[in-house]
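# Analysis of the macromolecular model
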Amino acid sequence: MDIGLFLLAFGLFSAISGGWVALNVRGSATALDRWAERNAEVRRHAQGDLGPATRSASAALFRYLGTAAGLSGTVLALGGLAILL
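The model shown is predicted, which means the values in this text are computed figures rather than measured ones.

Each value, and the rule that gives it
Residues numbered from 1 in each chain as written. Predicted model: local features only at pLDDT ≥ 70, side-chain atom pairs only at ≥ 80, totals over all residues. Heavy atoms only, no water. Phe/Tyr/Trp six-rings, centres within 6.5 Å; stacked < 30°, edge-to-face > 60°. Helix = DSSP H or I, 4+ residues; strand = E, 2+ residues; numbered from the N terminus. Salt bridge = Lys/Arg side-chain N within 4 Å of Asp/Glu carboxyl O. Buried < 20%, exposed > 50% of the residue type's maximum accessible area, 1.4 Å probe, protein only. Core = buried A, V, L, I, M, F, W, Y, C linked by side-chain atoms within 4.5 Å. Contact = heavy atoms within 4.5 Å. Polar contact = N/O pair within 3.5 Å; in protein donor to acceptor, adjacent residues only side chain to side chain. Axes fitted to C-alpha atoms, helices over the stretch in contact; angles between N-to-C directions. Parallel < 35°, antiparallel > 145°, perpendicular 65-115°, else oblique. Left-handed = near helix turned anticlockwise from the far one by under 90°.

### Overview of the packing of aromatic side chains
Here the distance between the centres and the angle between the planes together describe a pair of aromatic rings. Inspection of the entire model under this criterion finds one aromatic pair. Seen in terms of ring centroids, Phe 6 and Phe 10 are 5.8 Å apart; in terms of plane orientation they differ by 10°. Their pairing is stacked. With Phe 6 and Phe 10 both in helix 1 (residues 2-22), this residue pair falls four residues apart, about one helical turn.

### Comments concerning the pattern of salt bridges
Counted by the stated rule, this structure contains one salt bridge. Residues Arg 44 and Asp 49 are paired through a salt bridge, measuring 2.2 Å at the closest nitrogen-oxygen approach. Accessibility expressed as a relative area gives 32% for Asp 49, which makes it partly exposed.

### Observations concerning unusual backbone geometry
For Asn 24, which is not a glycine, the phi torsion comes out positive at approximately 55°. The topology assignment puts Asn 24 in the loop between helix 1 and helix 2 (28-46). Taking the relative accessible area as the measure of exposure, Asn 24 reaches 24% and is therefore partly exposed. Backbone geometry places Arg 26, a non-glycine residue, at a positive phi of 55°. Along the chain, Arg 26 falls in the loop between helix 1 and helix 2.

### A closer look at the nonpolar core
Val 21, Ala 29, Ala 57, Ala 59 and Phe 62 form the largest nonpolar core, which has five residues in total. With sequence-adjacent residues up to four places away left out, Ala 57 is seen in contact with Asp 33 and Phe 62.

### Some words on the side chain of Ser 14
When you line up the elements, Ser 14 lands in helix 1. Under the relative-accessibility criterion, Ser 14 is labelled buried at 13%. One polar contact links the side chain of Ser 14 to the main-chain carbonyl oxygen of Ala 69, over a distance of 3.0 Å. Apart from the residues within four sequence positions on either side, Ser 14 is in contact with Gly 19, Ala 69, Gly 70, Ser 72 and Gly 73.

### Considerations on the packing of helix 2 against helix 3 (residues 59-84)
Axes are the key here: two packed helices are described by the angle between their axes and the distance separating the axes. Where helix 2 meets helix 3, the axes come as close as 8 Å, and the angle between the chain directions of the two elements is 120°. Comparing the axis directions of helix 2 and helix 3 gives the class oblique. Of the two possible hands of crossing, helix 2 and helix 3 adopt the one that is right-handed. For the pair formed by helix 2 and helix 3, the contact residues are Ala 29, Thr 30, Leu 32, Asp 33 and Ala 36 on the first element and Ala 59, Phe 62 and Arg 63 on the second.

Scope: geometric values only; no functional claims are made or implied.
Structure below.
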């Protein structure tokens, strides 16, 4: 029963947060994109490279990752609910 509660709680958290990014609620995917770009720029400046940061991710990539996290969270939540019932 303990594992069922854990799976239900973790699955719901993952489904909600993944869905939040996948649906770009309040610009969350674009905010993650800006955050990643800023971190890449800071990392390059710390290494002494003063050129522009290379782009490694985009808001679309974060939305795809959010979709994967949301769907897997839904599966975990359903699995936890099945164990509890």
